[in-house]
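Understanding the architecture of this molecule
The primary structure of each chain is shown beneath.
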Amino acid sequence: MTAANDCLFCKIAARTIAVDAVFEDDEFLAFRDLNPQAPVHILLIPKRHYATVMDMDDRAIMGRALEAVQQTAIKLGLDEEGFRTVLNCRDNGGQTVYHVHFHILGGRFMQRPPG
Ligand code: 5GP
Ligand code: ZN
């Protein structure tokens, strides 16, 4: 695991900061968002630090990240009714925490257009 100093989600990945984890394997951790925007609002992070999706340079981990989204959705029972995955990148994307993370939102119908 590569950790960045003073990164909130690296601390969460290392469990220095406690979170309500819903899925974990060697490379990923999924936990409930502090400020949920839907009945189910999960953040899925790689334990390794990448500031944004544009910094992800390993195709294999990118593929495994989507597998982890699938596994998290199944574990939370979102796979049948569906869910929305959001990945905010940098300023215009509205990214506030610079450790890449997928939002997984479910438990209600998602309006469109997103954003
Ligand atoms: P972004 O805006 O970067 O895409 O999303 C960051 C998300 O992290 C926000 O939805 C925010 O509520 C969540 N968040 C920020 N700090 C914490 C924290 O300490 N714990 C948890 N569980 N979520 C956090
Ligand atoms: Zn980090």
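Residues numbered from 1 in each chain as written. Chains lettered and ligands numbered in written order. Predicted model: local features only at pLDDT ≥ 70, side-chain atom pairs only at ≥ 80, totals over all residues. Heavy atoms only, no water.

**Regarding the overall build of the protein chain**
Check the secondary structure of the protein chain and you find three helices and five strands. In the protein chain, the order of α-helices and β-strands from amino to carboxyl end is α-β-β-β-α-β-α-β. Taken over C-alpha atoms, the radius of gyration comes to 13 Å for the protein chain, in line with the 13 Å a tight globule of 115 residues would show. Taken along its principal axes, the extent of the C-alpha atoms in the protein chain is 35 × 30 × 30 Å. By residue count, 37% of the 115 residues in the protein chain fall in the buried class. Counting contacts in the protein chain only where the partners sit at least 6 residues apart, residues at least 24 apart contribute 54% of the total. Here the protein chain holds 12 positive side-chain charges and 15 negative ones, and the gap between their average locations is 3 Å. (Helix = DSSP H or I, 4+ residues; strand = E, 2+ residues; numbered from the N terminus. Rg over C-alpha atoms; globule rule 2.2 N^0.38 Å. Buried < 20%, exposed > 50% of the residue type's maximum accessible area, 1.4 Å probe, protein only. Contact = heavy atoms within 4.5 Å. Lys, Arg positive; Asp, Glu negative; His and termini not counted. Charge placed at Lys NZ, Arg CZ, Asp CG, Glu CD.)

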